[in-house]
Amino acid sequence: MQKKVYFKTFGCRTNQFDTQVMMSKLKDYDLTDDEMNSDFIVVNSCTVTNGADSSVRNYISSMKRKNPDAKVILAGCGSHSKGETLFEDKKVFGVIGHSEKENINTVLKNEEPFYQIGDLEHIDSTIVEEFVGKSRAFIKIQEGCDFRCSYCIIPAVRGDARSHKEETILEQITKLASNGFGEFILTGTNVGSYGQDHNTSMAKLLKKMSMIRGVRRIRIGSLEPIQIDDEFMELLDEPWMARHMHIALQHTSDKMLKIMNRRNEYKTDFDLFHKIASRGYALGTDYIVGHPGEDDVEWALAMERVKELPLTHVHAFSYSKRDNTASAAMKPEIRGNIAKERHRELTAIIKAKNFAFRREHTQALEVLLENGNNGVYHGFDQYFNKVSVQSDEDLSSNWVFLNDVEVTYEGNKATV
Ligand code: SF4
């Protein structure tokens, strides 16, 4: 009987993808979803905050108690930050770095404890896709980041930006499109840096993708303001571009942006957002609240500015300390209850803006539905607003075109 491997994944979507890469490379082992009866537990760890480190450590300790015979292997970002200590303290049997993922089948054959951290320049040969229903696919097109935001540990554990080869990406998309996938979402650690190491660009990739038969709508996971150049702006009217863009600002106070060592500033962000919105786009952003130094004055200014931006979506994060980052030593820290209140204030502002936007955009909505339950299907329109559609027909993975939606504060609804 083959030995059994259980994968435990912490953290972001990229880590979920990396687990899939490892799973696809296991040839001489069986996968199991029962951690208590596995011979190996591969912990694909996250190290983005101190809290993430503790969750990984607690999980490893609990598994050592509950399934003491299993060999625990540490993989993922935590290998690069905490791997050495955990290995030396004999908390794990083995440690592998990102570049060793694809060798997992061989690595597990080690009889002796091992520490194979590898390097941070490697890019996997496997491009992973993840599917939502039968028609939307996430494609990871690059890895790593060249930015050095003060609060972020990612470049230290995932390395600098490097892109997958264009031909491999296009080949994969062609295959998926011919199997009925119509919407593609491009992802990565810092997706907008795609191509800079291969003398190409995101705009060129998008144009080539759009020429593939069956590709109907393309979204980009996230972009940085400085990555949006003229070549990219020229694509805004293309019918295959989703009418929603996620552009990571992280803050709207210039003092805070400087403290965070960001490359954007409010004035240019303001112009960019208004330019894109005027072309019919909904706009989302990432925003960190409660970073050290965010005093009441900066916060009040930042929120005045948020109100001036044509934003429709936000991923708001409460700052959480990460050792070995510049921000970890910064003062004054912001109390948790204040950060929580700011988080609430920000999300309430954007929710109201989103409602106003949806009220103005009730016509010609193109919705790609996912699987449904009891005749109710959920999907996203081109503006990345969720729509629930009631129907007696089986509409799973179908596109529907709506000209009449009921707009409530919580979301859009329609019956077809
Ligand atoms: S852009 Fe900044 S926050 Fe994002 S991964 Fe790079 S360093 Fe981290």
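Residues numbered from 1 in each chain as written. Predicted model: local features only at pLDDT ≥ 70, side-chain atom pairs only at ≥ 80, totals over all residues.

**Points about the overall build of the protein chain**
Going by this rule: A run of H or I in DSSP counts as a helix once it spans at least four residues, and a run of E counts as a strand once it spans at least two, with each numbered from the N terminus. Field definition: a residue is buried when 20 or more other C-beta atoms are found within 10 Å of its C-beta, exposed when 12 or fewer are, and partly exposed for counts in between, with C-beta atoms placed from the backbone. Any pair of residues counts as being in contact when their C-beta atoms, constructed from backbone geometry, are within 7 Å of one another.
Along its length, the protein chain carries twelve helices and 21 strands. With the C-alpha coordinates aligned to their principal axes, the bounding extent of the protein chain is approximately 65 × 55 × 45 Å. Going through the 416 residues of the protein chain one by one, you find that 41% of them count as buried. Across the protein chain, contacts joining residues at least 24 apart in sequence account for 71% of those joining residues at least 6 apart.

**Thoughts on the packing of helix 11 (residues 296-308) against helix 12 (residues 336-360)**
How two helices sit against one another is set out by the angle between their axes and by the gap between those axes. Going by this rule: Where helices are involved, their axes are fitted lines through C-alpha atoms of the stretch in contact, as for all axes, and angles between N-to-C directions lie from 0 to 180°. Each angle receives one of four descriptions, namely roughly parallel if under 35 degrees, roughly antiparallel if over 145, roughly perpendicular if within 65 to 115, and oblique otherwise. Left-handed describes a crossing whose near helix is turned anticlockwise from the far helix by less than a right angle; the clockwise case is right-handed. We call Asp, Glu, Lys and Arg charged. Ala, Val, Leu, Ile, Met, Phe, Trp, Tyr, Cys and Pro are nonpolar, and the rest, Gly among them, are polar.
Interaxial distance between helix 11 and helix 12 falls to 10 Å at its minimum, and their mutual angle equals 15 degrees. Between helix 11 and helix 12, the angle falls in the class roughly parallel. Like other packed secondary-structure pairs, helix 11 and helix 12 cross with a definite hand, here right-handed. Together, Trp-299, Met-303, Val-306 and Lys-307 of helix 11 and Arg-342, Glu-345, Leu-346 and Ile-349 of helix 12 make up the contact between the two elements. Class assignment of the residues belonging to the contact of helix 11 with helix 12 gives a composition of five nonpolar, no polar and three charged.

**A few points about the sheet that holds strand 3 (residues 40-45)**
Just so we agree on the cut-off: Two strands form a pair only when DSSP identifies at least two bridges running between them.
Pairing is parallel across the open sheet formed by six strands, whose spatial order is 2-1-3-4-5-6. Across the chains shown, the open sheet's two edge strands, defined by having one partner strand only, are strand 2 (30-31) and strand 6 (114-116). Here strand 1 (residues 4-9) pairs with strand 3 via five bridges, running parallel. Paired with Phe-7 across the two strands is Val-42, which belongs to strand 3. Packed on one face of the sheet, helix 2 (residues 50-66) meets strand 1, strand 3 and strand 4 (71-76) and runs near 170 degrees to strand 3. Sheet strands touched by helix 3 (residues 77-88): strand 3, strand 4, strand 5 (94-96) and strand 6. Its angle to strand 4, the strand with the most contacts, is close to 145 degrees.

**Remarks on helix 7 (residues 202-210)**
Formally: In this description, the arc belongs to the directions extending from the helix axis to the C-beta atoms.
All of the buried residues in helix 7 are Met-202, Leu-205, Leu-206 and Met-209. Along helix 7, the residues classed as buried sweep out an arc of 100 degrees about the axis, all on the same side. In this structure, the buried residues of helix 7 make contact with helix 6 (166-178), strand 11 (183-187), strand 12 (217-220) and helix 8 (230-233).

**Overview of the nonpolar core**
Where a protein is soluble and globular, its nonpolar side chains tend to be buried together. Let me state the cut-off plainly: Joined through C-beta atoms within 7 Å, a set of buried Ala, Val, Leu, Ile, Met, Phe, Trp, Tyr and Cys residues constitutes a nonpolar core. Each domain span listed reflects an automatic or database assignment of domains.
In terms of nonpolar packing, the biggest core is built from 85 residues, with Phe-40, Ile-41, Val-42, Val-43, Ile-73, Phe-184 and Leu-283 touching the most fellow members. Among the elements that take part in this core, strand 14 (residues 282-289) stands out by supplying five residues, more than any other. Two domains each put at least three residues into this core: domain 1 (4-116) and domain 2 (129-360). Discounting chain neighbours no more than four positions away, the residues touching Ile-41 are Tyr-6, Lys-8, Glu-35, Met-63, Ala-70 and Val-72. Core analysis: the next-biggest nonpolar cluster, separate from the first, contains ten residues, Leu-368, Leu-369, Val-389 and Val-405 among them.

**A word on unusual backbone geometry**
Omega for the peptide link from Lys-331 to Pro-332 comes to -10 degrees, which places this bond in the cis form. Positive phi values are uncommon outside glycine, yet Gln-250 reaches one of about 75 degrees. With respect to the helices, strands and loops of the structure, Gln-250 is situated in the loop between strand 13 (244-246) and helix 9 (254-259). On the neighbour-count criterion, Gln-250 (20 C-beta atoms within 10 Å) is buried. For Ser-397, which is not glycine, the phi dihedral falls at a positive 60 degrees. Note that Ser-397 resides in the loop between strand 18 (386-390) and strand 19 (399-402).

**Regarding the domain arrangement of the protein chain**
By domain assignment, the protein chain separates into domain 1 (4-116), domain 2 (129-360) and domain 3 (365-415). Computed over C-alpha atoms only, the centres of domain 1 and domain 3 are separated by 39 Å.

**A few points about the environment of Gln-250**
C-alpha of Gln-250 to C-alpha of Ile-288: the two residues are 38 residues apart in sequence and 5.3 Å apart in space. Once you skip the residues sitting within four places of it in the chain, Gln-250 turns out to touch Met-260, Arg-262, Asp-286, Tyr-287 and Ile-288.

**Points about the pairing of strand 18**
Here strand 18 shows a buried face lined by Val-387 and Val-389 and an unburied face lined by Lys-386, Ser-388 and Gln-390. In the sheet, strand 17 (residues 376-380) pairs with strand 18 via five bridges, with the strands oriented antiparallel. Across the sheet, the residue bridging to Val-376 is Gln-390, located in strand 18. Connecting strand 17 to the next strand, strand 18, in antiparallel fashion are five residues, including Phe-384 with a positive phi near 65 degrees. In terms of strand pairing, strand 18 meets strand 21 (residues 412-415) through four bridges, oriented parallel.

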